[in-house]
Amino acid sequence: MVYYKVKTDNMSEEDTSLIPTYAARALTSSISKYEIPTGEMPPQVAYNLIRDELALDGNSRLNLATFVTTWMEPEARQLMADTFDKNMIDKDEYPQTAEIELRCVNILARLWNTPAQAEATGCSTIGSSEAAMLGGMALKWKWRKRRQAQGKPADRPNLVMGINVQVCWEKFCRYWEVEPRFVPLEGNRFHIDPDAAMQLVDENTIGVIGILGSTFDGSYEPIAALNDALETLNAQTGWEVPIHVDAASGGFIAPFLEPDLMWDFRLPWVKSINTSGHKYGLVYPGVGWIIWRDRDELPEELIFHCNYLGGDLPNFALNFSRPGNQVVAQYYNFLRLGREGYRKIQQACRDTALFLSSQIAEIGPFELLTDGGELPVFAWKLKDEVAVETCYTLFDLADKLRERGWLVPAYTMPKNREDLVVQRVVVKEGFSRDMANLLVEDIRRAVEFFRSQPAYQGKPMGSHFHH
Ligand SMILES: *Cc1c(COP(=O)(O)O)cnc(C)c1O
């Protein structure tokens, strides 16, 4: 049993050291929540208070909604704890952390087949969202320079992308005043279509976004076909509309599982790529990366040089101070796992995703949209005939699974297919085959439960459950 020393006015330290943990004063009265408390409390009491409160959060290991890393090995955790004090921006004070960032940039540039003569240009960020802002700005600045050089107006930029983009691209457009042009979904096509995208491209298009792969269903967008379509269009028109690939997840999957898939710098119009180190890069949040094809894809005006930390430090980022330890952990993974280690982990995730999707398809009422054969991510819907006749929706199933601790989100697809409700699983490192079996059993049990309800057939009562 653990005892804490709580020093109060009318007790000696010997007395208070015998108070059992949860009988201590700070743990038997309520605490100040929205105002800073007047006095101090012992560190272990504060620790217990906060840890206990956080037990109400979902269990991250049962969180099949997130793409973000929820497990790292003990050595990686130790290394991260050892380097909590590193500030990524202090490149002069922490030159080895800066060197490690540079190594990661080079490793990623080569994993993504940067041209041999190119100078690896890129940086770490807090995640793919910041990387998207930086990538989008580089597109906008490059486009404006081209327009100005031609003596043409440069005040109405637009960006072309599938409606299935992650919200960071909508943010980019709003924050940086770029008109978003969305390629709508069509029937059972749940991501961009190159021909439909080309219809939206004009002289004011700063770039086209290709996603590897889509957040909604884990499918890869056809980046090579986008490249070919732009090759033709640019040749016909004299425009130079480039591609930025949002490889938040796929940037760490395709190089290991599909080395021959053409989606990266081997395609001439792919000028920049972002990824999330904290997704399939296998690092705890938050770290992301952006790499440009070559030095001149990143306009010099966007880079700031400051000297007040000592030395001349080129910097392109939205943040200033930022943790350095996630970058250290990224390098740990590269060194520890190598190509083969990453391949094994991603293959295991894909195998589990394929296994799980086939099991879920076998239960009966569900139809797969994707099976986890691209990103280890798949989505399913209720079969049309089941959706019509039964009392439950996938929202109800998500709620029911939550009773067991599983977080398996249900959501509607974007515009044009908002009628379609899907449920999605993201398989990550740390999710074993055994856990997959347990989840299938729980889904089966939930379906049985819904079937046993009196209103199962005929009267839809999905709306009785909160959406
Ligand atoms: C997760 C994700 C993002 C945002 O990434 P963060 O690292 O969470 O900022 C952007 N695009 C896609 C395709 C994603 O899956």
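Note that the structure is a prediction, hence the values are computed from the model and not measured.

Analysis parameters
Residues numbered from 1 in each chain as written. Predicted model: local features only at pLDDT ≥ 70, side-chain atom pairs only at ≥ 80, totals over all residues. Heavy atoms only, no water. Core = buried A, V, L, I, M, F, W, Y, C linked by side-chain atoms within 4.5 Å. Buried < 20%, exposed > 50% of the residue type's maximum accessible area, 1.4 Å probe, protein only. Helix = DSSP H or I, 4+ residues; strand = E, 2+ residues; numbered from the N terminus. Domains from an automatic or database assignment. Contact = heavy atoms within 4.5 Å. Salt bridge = Lys/Arg side-chain N within 4 Å of Asp/Glu carboxyl O. Polar contact = N/O pair within 3.5 Å; in protein donor to acceptor, adjacent residues only side chain to side chain. Phe/Tyr/Trp six-rings, centres within 6.5 Å; stacked < 30°, edge-to-face > 60°. Lys NZ or Arg CZ within 6 Å of the ring centre and 35° of its normal. Near = heavy atom within 4 Å. Areas by Shrake-Rupley, 256 points an atom, 1.4 Å probe, with all protein chains shown as cover. Pairing = 2+ DSSP bridges.

**Topic: the nonpolar core**
Logical step 1: Among the nonpolar cores identified, the biggest contains 90 residues, and Val245, Trp263, Leu356, Phe366, Val425 and Ile443 are the most heavily contacted of them.
Logical step 2: In terms of residues, this core owes the most to one element, helix 11 (residues 325–363), which gives 13 residues.
Logical step 3: Two domains each put at least three residues into this core: domain 2 (77–333) and domain 3 (343–463).
Logical step 4: Discounting chain neighbours no more than four positions away, the residues touching Leu356 are Phe378, Val425, Val427, Phe431, Ala436, Leu439 and Val440.
Logical step 5: By size, the runner-up hydrophobic cluster in this structure holds 28 residues, among which are Leu134, Trp143, Val165 and Ile211.

**Some details on the pattern of salt bridges**
Logical step 1: Counted according to the given criterion, the structure contains 19 salt bridges.
Logical step 2: For Glu73, the salt bridge is made with Arg336, and the minimal N-O distance between the two is 2.5 Å. Separated by 263 residues along the polypeptide, Glu73 in the loop between helix 3 (43–54) and helix 4 (74–82) and Arg336 in helix 11 bring together distant segments of the chain.
Logical step 3: One network of salt bridges, in which partners are shared, links Glu179, Arg181 and Asp202.

**Considering the environment of Asp246**
Logical step 1: Among the secondary structure elements, Asp246 is positioned in strand 5 (residues 243–246).
Logical step 2: Along the chain, Asp246 and Gly430 lie 184 residues apart, while their C-alpha atoms are 25 Å from each other.
Logical step 3: Of note is the side chain of Asp246, whose polar atom sits 3.1 Å from the side chain of Asn274.

**Description of the packing of aromatic side chains**
Logical step 1: Scanning the model with the defined rule gives 15 aromatic pairs in all.
Logical step 2: Aromatic side chains Phe334 and Tyr342 sit 6.0 Å apart centroid to centroid with 50 degrees between the ring planes, which places their arrangement in the tilted category.
Logical step 3: Judged by relative accessible area, which is 10%, Phe334 ranks as buried.
Logical step 4: Every member of this aromatic cluster is reached through a ring pair, and the members are Trp169, Phe172, Tyr175 and Trp176.
Logical step 5: Above the face of the Trp141 ring, Arg144 is positioned so that its terminal group lies 4.6 Å from the ring centre.
Logical step 6: A cation sits over an aromatic face here: Lys400 above Phe449, 3.9 Å from the ring centre.

**Considering the domain arrangement of the protein**
Logical step 1: With domains assigned, the protein is organised as domain 1 (13–57), domain 2 (77–333) and domain 3 (343–463).
Logical step 2: The gap between the C-alpha centroids of domain 1 and domain 2 is 45 Å.

**Observations concerning the site of the ligand**
Logical step 1: What surrounds the ligand is the set Gly127, Ser128, Ser129, Gln166, Cys168, Ile211, Thr215, Asp246, Ala248, Ser276, His278 and Lys279.
Logical step 2: Backbone polar atom of Ser128 to an oxygen atom of the ligand: 2.8 Å apart, as the coordinates give it.
Logical step 3: Take Lys279: an N or O atom from its side chain is 2.8 Å from an oxygen atom of the ligand.
Logical step 4: Across the complex, the protein chains shield 88% of the 380 Å² of accessible surface that the ligand would expose by itself.

**Comments concerning the pairing of strand 7 (residues 288–292)**
Logical step 1: Taken across its 5 residues, strand 7 has 5 buried, putting it largely inside the fold.
Logical step 2: Here strand 7 shows two buried faces, one formed by Gly288, Ile290 and Trp292 and the other by Trp289 and Ile291.
Logical step 3: Pairing between strand 1 (residues 121–125) and strand 7: 5 bridges, direction antiparallel. Within strand 7, the position partnered with Gly122 by the bridge is Ile291.
Logical step 4: Note that strand 6 (residues 270–276) and strand 7 share 5 bridges and pair antiparallel. Bridge pairing in strand 7 links Asn274 to Ile290.

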